[in-house]
Every structure is written in structure tokens, then in C-alpha cells.
Amino acid sequence: MKQLVAFLIGICVCTAVFSADSDSVLILKHEAFFNEFKTRKPNAAPIQLAPSALIETSDATISNRPIQVFALANQLYVHVNGSGILYALDRTENGQMIFKRIDKTTNTSFYQQSFLFTNKNQIYQLIHRNQKDQPTILNQFNAGNGLWVSKDTDESLLLPASKDIYWFNPTEQKVFVPFLLDEEEQYNKRVYELSLDDLTWDKRGKTHADLFDLLTNAPFKIPTDTGLLVSYKNKIYQIDYEENDVYEINNLSLANQLQKLKSNDAKYYDKGRVYYLDSETGNTGFISIPTSQFEDADLRVWKRNSSFFPFWIILIILFASNANKKKQADKSSK
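1. Some remarks on the sheet that holds strand β24 (residues 284-288)
Next up, step 1: With antiparallel pairing, the three strands of this open sheet are ordered in space as β22-β23-β24. Either end of the sheet is taken by a strand with one partner, and the two such strands are β22 (266-270) and β24. Averaged over all pairs of adjacent strands, the angle between strand axes in this sheet comes to 20 degrees, irrespective of strand direction.
Next up, step 2: In the sheet, strand β23 (residues 273-277) pairs with β24 via five bridges, with the strands oriented antiparallel. Looking across to β24, one finds that Arg273 is bridged to Ser288.
Next up, step 3: Contacts from helix α2 (residues 31-40) reach β22, β23 and β24, with the element oriented near 25 degrees to β22.

Structural data, given as C-alpha cells:
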């Protein structure tokens, strides 16, 4: 009987906690910067924000988590990283943007390895369940009931935790993942892309070794219209996932400017500029990228599968076999 009472009390407590969380608010400072982001790039990749002074919340469970700020259909949203928790802008007071929670997620641990993106006025998360033989899933947010709807993809792929290496192509409706993990948490250096049309994964080829080193070591990465803008050491790279190409600019001063931007600074890329908001000082500005100066980096995203070699071997064998048969036939006729 005591166990039953404890169980019922536990349910009531959990319900109360969830109710409080559902009504919780999150405050985002510096309205002008985020409104400009919404106006300039209504369907841009989310702004990634580490915990910082830009954010205030009374919810202790999310106060130390990174967040993503994104715009959709002229509305601003905040997603709490790896949780499924969503906030929508409710009102603005004294230059502060007040967001109210709109989802009804209960099992937030389910979303720990998720990649958030938007497409056609819908919000998605690409997730791996971290269970053997369970397919990678694509979640779509249902604004009507506040729940995430899951659909299985055709493979079970273990997605790396570092989501700043992914890229969504809205034109082709595909998500690019430049490398994966295996069951032993070792890197699987294969480039995959997911088609949203039929939720199938396509293996593009082996991850270029130099690109793997670049993506795992570069301190600065930000999404662009064609892939990622990356800064490492004295160079700036434009990684073009769609065309399987990489371009570079050798410019130490510019590279240093990008690498000095902190993880808790708000920043995004648009039309050759990296816009930023300093989380500590509140200063805003932009860094111009001389896109006309990019040159081929003699580097690719993936190495194409070299199936042509065995194909030519087969042709040579067939040709030699036919030649030998013809030679034998000529001998027999004499």
C-alpha cells in the first residue's frame, strides 16, 4: 500500500513539474539583433548559442544548456539543445524578447543527439536512438498538439554529437553528414546524405582525410547557402557540400577575427558577411568575407567510389577471353 501511495505521489509531482515547465518562459536579450536576423534570413540555419548572459530562464533544467534561435514564417523560436523543448516569441518588453514554451515534450533525454533544421515552414530534428539496429529517425514538430511526430529513415546510423558539421540543403531537400560514428564510438569516415522525399540515406563516398581533420579541429564553423564557412589557423574555407568542393583564402588577419568569436556569441552568415553579437558587451557588428578571393583548395568533401577499376579489369578479362577463343577457333579451322 505504501508503495502504491508513493507511486501516486510521484505521478502527481511529475505532473506538477511538467506543468510548471510548460508554462515556463525564456528571455532573450538584444531584440534588435535577433529581429534583424529574422528579417534578413527568415529561413536561415539556427543561430547556435552556448549558455551565456544573453539568456535568462527560471527553469534550472535548461539554464546550462546550449540553445538554437531560428526564424520561421516571420516568427522567432528558441530550441533547447538536445531536449525537444521549444519556445516561441510571446512578446517584447524593454528590449527583451520573452519566449513561452510551446511543446509538450516529457522524455527530453530522447533528443540528446539531434540536429535541428527547418524546411517549408516546418521544424525538424534528425535523431539517432543510440540503440543497436534501431533506425535513425526524423522528427517533425506538430504545432497543433505540441508534440514531435517520428518517422523512421531506412538505416540505423550513429550521428556525431557535433552538429555544427551538418548541413541542410533546402533546394535539394537533403541533409549532409560528413562522417558518422560506429558502435564502438569510433569515427566512420563516410559521407551520407538523407533525402527528405523518401527518408533514404545515400552513401556519397569516403570522407576526405584532410577535410575530416579540418572539421574536427577548426574552432570556427558556420552554415552558409552552400555548406559551411570554416576558419582554421591562417585560412578561411568554404565547404561546398552540394558540389563536393572546398575553396580557401589564405588570410591570417581575417582568420583571427573569425576565430576570436566566442561560442556564446550570437552569429550567423548572410551574403558574404558574418554578423555577430558579443554576449558579454552587447556590441554588434559584422565581418566581411571576400568571397571573390576564394580559390580551389585542392580538397574535396568526399572521395568518389572508385568502382571503375574492377569494371575495367572485367572488360580486359572478357576481351582477352574472347581473343583467346577466336585464336583457338582459327587453329581448329586450319
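2. A look at the confidence of the model for the protein
Where the model shows low pLDDT, its predicted coordinates should not be examined in detail.
Next up, step 1: Looking at the protein, the pLDDT average stands at 84 and 82% of residues meet or exceed 70.
Next up, step 2: In the model of the protein, helix α1 (residues 2-22) stands out as the element of lowest mean pLDDT, 37, in contrast to strand β21 (residues 245-250), which has the highest, 98.

3. Here we look at the packing of aromatic side chains
Next up, step 1: Overall, the coordinates contain 19 aromatic pairs when judged by the stated rule.
Next up, step 2: Consider the rings of Phe115 and Phe117, whose centres lie 5.6 Å apart with planes at 25 degrees: the pair is stacked. An identical accessibility class is assigned to Phe115 and Phe117; each is buried.
Next up, step 3: One aromatic cluster is present, formed by Phe33, Phe34, Phe37, Tyr268, Tyr275 and Phe286 through successive ring pairs.
Next up, step 4: Note that Arg40 overlies the ring of Tyr275, its terminal NZ or CZ placed 4.0 Å from the centroid.
Next up, step 5: Lying over the aromatic face of Phe286, Arg273 brings its terminal NZ or CZ to 3.8 Å of the ring centre.

4. Describing helix α3 (residues 209-217)
Next up, step 1: Among the residues of α3, those classed as buried are Leu211, Phe212, Leu214 and Leu215. For α3, the arc enclosing every buried residue in end-on projection is 165 degrees, short of the 170-degree limit, so these residues lie on one face.
Next up, step 2: On its buried face, α3 sits against β15 (187-188), β17 (200-207), β18 (220-223), β19 (227-232), β20 (235-240) and β21.

5. Examining the pairing of strand β7 (residues 96-101)
Next up, step 1: Bridge analysis of strand β1 (residues 25-28) against β7 gives four bridges, and the strand direction is antiparallel. Along β7, the bridge assignment pairs Val25 with Lys100.
Next up, step 2: When strand β6 (residues 85-93) meets β7, the two strands line up antiparallel, connected through six bridges. Directly across from Arg91, in β7, lies its bridge partner Ile98.
Next up, step 3: A loop of two residues connects β6 with β7, the two strands running antiparallel in sequence, and Asn94 in this loop sits at a positive phi of about 55 degrees.

6. So, the nonpolar core
As a rule of thumb, nonpolar side chains are buried together in soluble globular proteins.
Next up, step 1: Ranked by size, the top nonpolar core spans 37 residues in total, and within it Leu215 and Ile239 carry the most contacts.
Next up, step 2: Taken together, the elements giving at least two residues each to this core come down to β8 (114-119), β9 (122-127), β12 (167-169), β13 (174-177), β16 (190-195), α3, β19 and β20.
Next up, step 3: At four residues, the largest contribution of residues to this core is made by α3.
Next up, step 4: Core analysis: the next-biggest nonpolar cluster, separate from the first, contains 26 residues, Phe37, Leu49, Phe99 and Tyr275 among them.

7. A word on unusual backbone geometry
Next up, step 1: Even without glycine at this site, Gln173 takes up a positive phi of about 60 degrees.
Next up, step 2: If you trace the backbone, Gln173 turns up in the loop between β12 and β13.
Next up, step 3: Not every positive phi belongs to a glycine, and Lys271 is a case in point at roughly 50 degrees.
Next up, step 4: Along the chain, Lys271 turns up in the loop between β22 and β23.

8. As for the pattern of salt bridges
Next up, step 1: Counted by the stated rule, this structure contains 15 salt bridges.
Next up, step 2: A salt bridge links Arg91 to Asp90, with the shortest nitrogen-to-oxygen separation between them at 2.8 Å.
Next up, step 3: For Asp90, a relative accessible area of 44% corresponds to the partly exposed category.
Next up, step 4: Between Glu93 and Arg91 there is a salt bridge; the shortest N-O distance is 2.8 Å.
Next up, step 5: According to the relative accessible area criterion, Glu93 is partly exposed, its value standing at 39%.
Next up, step 6: Judged by relative accessible area, Arg91 falls into the partly exposed class, the value being 39%.
Next up, step 7: A network of salt bridges, in which partner residues are shared, links Lys174, Glu193, Asp202 and Arg204.

Cut-off values and rules
Residues numbered from 1 in each chain as written. Predicted model: local features only at pLDDT ≥ 70, side-chain atom pairs only at ≥ 80, totals over all residues. Heavy atoms only, no water. Pairing = 2+ DSSP bridges. Helix = DSSP H or I, 4+ residues; strand = E, 2+ residues; numbered from the N terminus. Axes fitted to C-alpha atoms, helices over the stretch in contact; angles between N-to-C directions. Contact = heavy atoms within 4.5 Å. pLDDT = per-residue confidence, 0-100. Phe/Tyr/Trp six-rings, centres within 6.5 Å; stacked < 30°, edge-to-face > 60°. Buried < 20%, exposed > 50% of the residue type's maximum accessible area, 1.4 Å probe, protein only. Lys NZ or Arg CZ within 6 Å of the ring centre and 35° of its normal. Arc of directions from axis to C-beta. Core = buried A, V, L, I, M, F, W, Y, C linked by side-chain atoms within 4.5 Å. Salt bridge = Lys/Arg side-chain N within 4 Å of Asp/Glu carboxyl O.

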